[in-house]
Amino acid sequence: MARINGFVGRRDFLKLAGLVGIASASFGGSLLWSKQQVAVADVYPVNPHQALKRLLDGNQRFLLQQRQYPDQSLERLRLLTKAQYPFASILGCADSRVPAEIIFDQGLGNLFVVRVAGNVASDMIIGSLEYSTAVLGSQLVVVLGHISCGAVVEAIKNEPHPGKINFVVEGIKPALAQVNLSTGNIYVNAVTANIKYQAEQLQKSSTILAKLISVGKLKIVSACYDINTGKVNIIK
Ligand SMILES: [Zn+2]
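Analysis parameters
- Residues numbered from 1 in each chain as written.
- Predicted model: local features only at pLDDT ≥ 70, side-chain atom pairs only at ≥ 80, totals over all residues.
- Helix = DSSP H or I, 4+ residues; strand = E, 2+ residues; numbered from the N terminus.
- Expected span 1.5 Å × (residues − 1).
- Buried ≥ 20, exposed ≤ 12 C-beta atoms within 10 Å, placed from the backbone.
- Arc of directions from axis to C-beta.
- Contact = placed C-beta atoms within 7 Å.
- UniProt positions renumbered as here; feature names shortened; annotations may be inferred.
- Pairing = 2+ DSSP bridges.

Labelled according to an unreviewed UniProt entry, the protein appears under the name carbonic anhydrase, originating from Mojavia pulchra JT2-VF2.

A.B. asks: Tell me about helix H8 (residues 165-176), residues and numbers included.
C.D. replies: For an α-helix, 3.6 residues make a turn, and residues three or four places apart therefore share a direction. The end-to-end C-alpha separation of H8 is 17 Å, in line with the 16 Å expected for 12 residues at 1.5 Å each. Restricting attention to buried positions, one finds in H8 the residues Val169, Gly171, Ile172 and Ala175. End-on view of H8: buried residues confined to an arc of 155°, all on one side of the axis. The secondary structure elements touched by the buried residues of H8 are helix H7 (150-157) and helix H9 (186-205).

A.B. asks: Which residues make up the UniProt feature "binding site: Zn(2+)" (unreviewed entry) in the protein, and what values do they have?
C.D. replies: On the UniProt side, "binding site: Zn(2+)" (unreviewed entry) is annotated at positions that read Cys93, Asp95, His146 and Cys149 here. Spatial clustering of the annotated residues is evident: they stretch over 57 residues in sequence, but the largest pairwise C-alpha distance comes to 8.8 Å. Here Cys93 is to be found in the loop between strand E3 (88-92) and helix H5 (100-103). Beyond its immediate stretch of four places on either side in the chain, Cys93 contacts Val98, Arg115, Ala117, Gly118, Asn119, Gly145, His146, Cys149 and Ala151.

A.B. asks: Before we move on, can you summarise the environment of Val142 with the specific residues and values?
C.D. replies: Note that Val142 resides in strand E5 (residues 140-146). Among the residues examined, Val142 registers 28 C-beta atoms within 10 Å and is labelled buried. On a C-alpha basis, the gap between Val142 and Val221 in space is 4.8 Å, while along the polypeptide they are 79 residues apart. Every residue in contact with Val142, bar those within four places of it in the chain, is listed here: Leu55, Ala88, Ile90, Val221 and Ala223.

A.B. asks: Explain unusual backbone geometry to me, and be specific about the residues and the numbers.
C.D. replies: A positive phi angle is found at Gln65, which is not glycine, with a value near 55°. Residue placement: Gln65 occurs in the loop between helix H3 (48-63) and helix H4 (74-79). Residue Gln65 is classed as exposed on the basis of its C-beta count, with 7 C-beta atoms lying within 10 Å. Its identity as a non-glycine residue notwithstanding, Tyr69 has a phi of 45°, on the positive side. With respect to the secondary-structure elements, Tyr69 resides in the loop between H3 and H4.

A.B. asks: Let's hear about the pairing of E3: which residues, and what values?
C.D. replies: Consecutive side chains along a regular strand alternate between the two faces of the sheet. Counting buried positions along E3 yields 5 of 5 residues, so the element is predominantly enclosed. Every second residue of E3 is oriented toward a common face, with Ala88, Ile90 and Gly92 on one face and Ser89 and Leu91 on the other, all of them buried. As paired elements, E3 and strand E4 (residues 111-115) share 5 bridges and run parallel to each other. Residue pairing for E4: Leu91 is matched across the bridge by Val114. When E3 meets E5, the two strands line up parallel, connected through 4 bridges. Pairing of Gly92 across the sheet is with Leu144, part of E5.

Written out as structure tokens, the structure reads:
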């Protein structure tokens, strides 16, 4: 399998996905990296352990108010014109208090972030993460929920919602069946259950992600961001 820095090239992504033969211009053009592109864009260590450490180190800087604002220059953007090598992918809540690049103190090209209310792993989200892992080479996906998640609160209420809000709420409800809502803080319990459930869904619903995990090229980690403190806690 042709790899660049442990990445799965586009051809192999298509093989993995069973799409060889219909491989034309999906995703808007060639995604195989030339040696020149690799040389131009700095390639970070991407194994899951290193990626997680890098995220948690950034969160620590955020907590200590010692952010370094790395990789946020126009020069950095220019280096990324031809290729991107996000070292981690984040499935986070769309909540305005949970911006991944800020709370992990990262910059341009570092994180591939998909955000949706309740960090629900819909097919659209899963497809995006298949792309960021199998094509762009992220070897870590963090499912990042947060304390006081309004989407989870709405799912607990179990009331009808207007418009398409129900799509979000219905995506969370199965997670609530997995938690005892009668003991402890039901909102915290439910947030934790939802994070774990969505992380499981990623693996269950995607043969591509499951395959990458099985060959040691991907780890999915659950984490909860405490909006009271700013700390990201890994869920075991
Ligand atoms: Zn939320």
